[in-house]
Amino acid sequence: MREAGEVMYVNLSVVIPVYNEVENLRSLHHDLSEALADRDYELVFVDDGSTDGSIEELNSLVQLDPQHTLVIELRRNFGQTAAIAAGIDHSCGEVIVTIDADQQNDPGDIPLLMEKIEEGYDVVSGWRIDRQDKLLTRKIPSRIANGLISKVTGVRLHDYGCTLKAYRREVLQGFRLYGEMHRFIPAYAGWVGAKMIEIPVRHHPRKFGKAKYGLERTIKVLLDLFTVKFLMSYASKPIYLFGGTGAGLIMVSVFLLGVLIARRIILDEHLIRSPLLLMTVMLFILGFQSILMGLIAELLSRTYHESQAKPTYSVRAVLKSRGIEEEVKGRV
Ligand code: UDP
Ligand code: MG
């Protein structure tokens, strides 16, 4: 068994969030071991507060295959995204593959994902072409959500929701996962300039256990989409959004003021007679407030970036000539 903090070399870490999947674990472990037999890999199971004996089953898998198996036991149920984040934090492979524990994804597809990574892609996204879930509560909402996410983030994928994906570790650096955010990793990766490809993967109906989600998940995903869009476009320049909105509102209010004055002069109408005056004042206050909010957001953004030493850019590589480097060093 691997000790905490111990460093070892592995090429591939498979991260598996587990919540009440006791009947799936043994056969999943078997299939994963079979699919990855000729590789250097680790299986990081994260028990997300299961109550059905999954943890005991996982413990016995560690005994069975200590060389490849690592189990992280969370103290309670934190949700799939948090479980995936915990798994990634505790893994050490150069490449990370995430896969569901419910055997709906097929471990046999992992070598296909790895092939693409080896070709030089940073992110390989599984696409469940023939998805085996309920049509009305899962497939249709998911189709709409995928379209929307693709449009809003500008990163076009058919299946954001498919857990089976592979990432080079570097593209995950600096991205914290909240809410239902694990599905947005590809969008984030695209945003920092990762090379991405989508490949069809198999999908099986659930044999054991229950699906943990229904329609309500789509709503959470859509709300997360707002956050992601905001963070992507404005996290380092929030005043553009708030200030822009504020300036727009103030412009409308000035225009309305003009209309009011014109009506006063031309039609000789009392200002308070019309509701327009109220609108003008309200829009002006709203606009002004929005600009002030933008300034506060700017302060927050600086705290965010500087307290965590988060850069506002992402570097792919630094190219320099050794000769010049030596020369510079010599001069100092
Ligand atoms: N899961 C988890 N924590 C949760 C809910 C689910 O770790 O709170 C795991 C679950 O065990 C499974 C994966 O996340 O491995 C996906 O769950 P599920 O199959 O219910 O979702 P679906 O495939 O329907 O999206
Ligand atoms: Mg599932």
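Above this text sits the structure in question.
The rules we used
- Residues numbered from 1 in each chain as written.
- Chains lettered and ligands numbered in written order.
- Predicted model: local features only at pLDDT ≥ 70, side-chain atom pairs only at ≥ 80, totals over all residues.
- Heavy atoms only, no water.
- Pairing = 2+ DSSP bridges.
- Helix = DSSP H or I, 4+ residues; strand = E, 2+ residues; numbered from the N terminus.
- Axes fitted to C-alpha atoms, helices over the stretch in contact; angles between N-to-C directions.
- Contact = heavy atoms within 4.5 Å.
- Buried < 20%, exposed > 50% of the residue type's maximum accessible area, 1.4 Å probe, protein only.
- Right-handed = clockwise from strand over helix to strand, strands pointing away.
- Expected span 1.5 Å × (residues − 1).
- Near = heavy atom within 4 Å.
- Polar contact = N/O pair within 3.5 Å; in protein donor to acceptor, adjacent residues only side chain to side chain.
- Areas by Shrake-Rupley, 256 points an atom, 1.4 Å probe, with all protein chains shown as cover.
- 1 Å grid on protein atoms, 1.4 Å probe; cavity = no way out; pocket = protein on both sides within 12 Å on 5 of 7 lines; lining within 4 Å.
- Sits in = over half its atoms within 2 Å of the grid points.
- Nonpolar A, V, L, I, M, F, W, Y, C, P; charged D, E, K, R; others polar.
- Points joined across faces, edges and corners; volume = space filled by probe spheres on them.
- Parallel < 35°, antiparallel > 145°, perpendicular 65-115°, else oblique.
- Arc of directions from axis to C-beta.

Novice: Describe the sheet that holds strand β4 (residues 93-98), and please don't skip the residues or the numbers.
Specialist: Read from one edge to the other, the open sheet built from seven strands follows the order β3-β2-β1-β4-β6-β5-β7, with strand pairing classed as mixed. Where the open sheet ends on each side, the last strands, each with one partner, are β3 (69-73) and β7 (196-201). Between one strand axis and the next, the sheet turns by 20 degrees as a mean value, whatever way the strands run. Most of the contacts of helix α1 (residues 22-35) go to strand β2 (residues 41-47), to which it runs at about 160 degrees, and overall it touches β1 (10-18), β2 and β3.

Novice: Would you mind going over the pairing of β1 in detail, with residue names and values included?
Specialist: Two faces make up the sheet, and in a regular strand the side chains alternate between them. For β1, the tally of buried residues reaches nine of nine residues, placing the bulk of the element in the interior. As judged from the five bridges shared by β1 and β4, these two strands associate in the parallel manner. From the neighbouring strand, Val 14 faces β4, where its bridge partner is Val 97. Inspection of the sheet shows β1 paired to β2 by seven bridges, in the parallel sense. Paired with Val 14 across the strands is Leu 43, a residue of β2. Running through α1, the crossover from β1 to the neighbouring parallel element β2 is right-handed.

Novice: Provide a residue-level description of helix α5 (residues 135-153), including the pertinent values.
Specialist: With 19 residues, α5 should cover 27 Å at 1.5 Å per step; its first-to-last C-alpha distance of 25 Å lies within 8% of that length. Summarising the contacts, the buried residues of α5 are in contact with α7 (185-191) and α8 (216-234). Directly after α5, the chain includes Gly 154, whose backbone phi takes a positive value near 80 degrees.

Novice: Can you break down the site of ligand 1 residue by residue, with the values?
Specialist: Contacts to ligand 1 come from 18 residues, most closely from Glu 21, Asp 48, Ala 101, Asp 102 and Lys 212. Note that an oxygen atom of ligand 1 is positioned 3.0 Å from one of the side-chain N or O atoms of Asn 77. Here Lys 212 contributes a backbone N or O atom positioned 2.7 Å from an oxygen atom of ligand 1. Across the complex, the protein chains shield 97% of the 530 Å² of accessible surface that ligand 1 would expose by itself. At a threshold of 2 Å from the grid points, most atoms of ligand 1 map onto the second largest pocket. Considered class by class, the residues forming the shell around ligand 1 number six nonpolar, four polar and eight charged.

Novice: Please set out the layout of surface pockets residue by residue, giving values where relevant.
Specialist: Of the volumes computed, that of the largest pocket is approximately 1000 Å³. Lining the largest pocket we find 32 residues, and of these Gln 173, Gly 174, Tyr 188, Trp 191 and Val 192 sit closest to its centre. Mapped by element, the contributors of at least two residues to the lining of the largest pocket are α6 (169-172), α7, α8 and α10 (276-307). Sort the elements by how many residues they give to the lining of the largest pocket and α8 lands first, with six residues.

Novice: Please provide a residue-by-residue account of the packing of α5 against α8, values included.
Specialist: The geometry of α5 relative to α8 is characterised by a closest axis approach of 11 Å and an angle of 5 degrees between their N-to-C directions. By the criterion of interaxial angle, the relationship of α5 to α8 is roughly parallel. Every residue of α8 that contacts α5 at Arg 138, Pro 141, Ala 145, Leu 148, Ile 149, Val 152 and Thr 153 is listed here: Arg 217, Thr 218, Val 221, Leu 222, Leu 225, Val 228, Lys 229 and Met 232. Residue composition of the contact of α5 with α8, by class: 10 nonpolar, two polar and three charged.

Novice: Give me helix α4 (residues 110-119): which residues, what numbers.
Specialist: Those residues of α4 that sit buried are Ile 110, Leu 113, Met 114 and Ile 117. Down the axis, α4 shows its buried residues gathered within 100 degrees of arc, on one side only.

No statement about biological role is implied by the geometric values presented.
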